[in-house]
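These are the residues of each chain, in order.
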Amino acid sequence: MIADKLLNQLTKVKRTGRESWIACCPAHSDKNPSMTITEKDDGRVLVHCFAGCSVDSILGAVGMTFDDLFPERVADPYAPTKPERMPFNPRDVLAAVSTESLIVALSGSQLANGEPLSEENNKRLMLAVERLQDAARICHAD
Ligand SMILES: [Zn+2]
């Protein structure tokens, strides 16, 4: 099973369903499990950190890549060549860009009103910028 490879590298793994687990996120200091891992029927493995870590950073923390989350395809020499599918849904990326741009706008208008950003809000702003750059990168726009 594909999820095993990832689960073996995680701590406090607990099964929450037939093909789903929670575990401590390896990408941030996580004392209580805040990451979900789900293996879909088609073999794909989805990971999500509720603290907001990107899938990239989660995989990077355990030395894995996106390819490790997808089942190996059996090469069929007679299959017609299909355009390569992207490992993300463009709508999800646009939704994230929309949310993150709102954070940037709110921070900007607060600063324009002469109010300094709290440390927490400044961190959130930096996260938004990081996510916007990630979005551009996974779409090969930069
Ligand atoms: Zn995390």
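Cut-offs used in this document
- Residues numbered from 1 in each chain as written.
- Predicted model: local features only at pLDDT ≥ 70, side-chain atom pairs only at ≥ 80, totals over all residues.
- Heavy atoms only, no water.
- Helix = DSSP H or I, 4+ residues; strand = E, 2+ residues; numbered from the N terminus.
- Buried < 20%, exposed > 50% of the residue type's maximum accessible area, 1.4 Å probe, protein only.
- Pairing = 2+ DSSP bridges.
- Axes fitted to C-alpha atoms, helices over the stretch in contact; angles between N-to-C directions.
- Left-handed = near helix turned anticlockwise from the far one by under 90°.
- Contact = heavy atoms within 4.5 Å.
- Nonpolar A, V, L, I, M, F, W, Y, C, P; charged D, E, K, R; others polar.
- Core = buried A, V, L, I, M, F, W, Y, C linked by side-chain atoms within 4.5 Å.

**Thoughts on unusual backbone geometry**
With glycine set apart, most residues show a phi of negative sign, and most peptide bonds adopt trans.
Then, in step 1: The backbone phi angle of Lys 12 is positive, close to 50°, even though this residue is not glycine.
Then, in step 2: Tracing the backbone through its elements, the reader meets Lys 12 in the loop between helix 1 (2-7) and strand 1 (14-17).
Then, in step 3: For Lys 12, a relative accessible area of 52% corresponds to the exposed category.

**Notes on the pairing of strand 1**
Then, in step 1: Two strands pair when backbone bridges link them, and strand 1 and strand 2 (residues 20-23) are joined in this way by three bridges, in the antiparallel orientation. The residue of strand 2 that forms the bridge with Lys 14 is Ile 22.

**Side note on the packing of helix 3 (residues 90-112) against helix 4 (residues 119-138)**
Geometry of a packed helix pair, given as the angle between the helix axes and the separation of the axes.
Then, in step 1: Across the interface, helix 3 lies against helix 4 with an axial gap of 9 Å and an inter-helix angle of 145°. The two elements helix 3 and helix 4 cross, and the hand of that crossing is left-handed. Counting all contacts with helix 3, which are made through Val 93, Val 97, Glu 100, Ser 101, Ile 103, Val 104, Ser 107 and Gln 110, the residues of helix 4 involved are Asn 121, Arg 124, Leu 125, Ala 128, Arg 131, Leu 132, Ala 135 and Ile 138.
Then, in step 2: A class-by-class count of the residues in the contact of helix 3 with helix 4 yields nine nonpolar, four polar and three charged.

**Some words on the nonpolar core**
Then, in step 1: In terms of nonpolar packing, the biggest core is built from 18 residues, with Leu 6, Leu 10, Ile 37, Val 45 and Ile 58 touching the most fellow members.
Then, in step 2: Counting residues per element, the ones that place at least two in this core are helix 1, strand 2, strand 3 (35-39), strand 4 (45-49) and helix 2 (55-61).
Then, in step 3: Beyond its immediate sequence surroundings of up to four residues, Ile 37 is in contact with Leu 6, Leu 7, Leu 10, Glu 19, Ser 20, Trp 21, Ile 22, Ala 23, Val 45, Leu 46 and Val 47.

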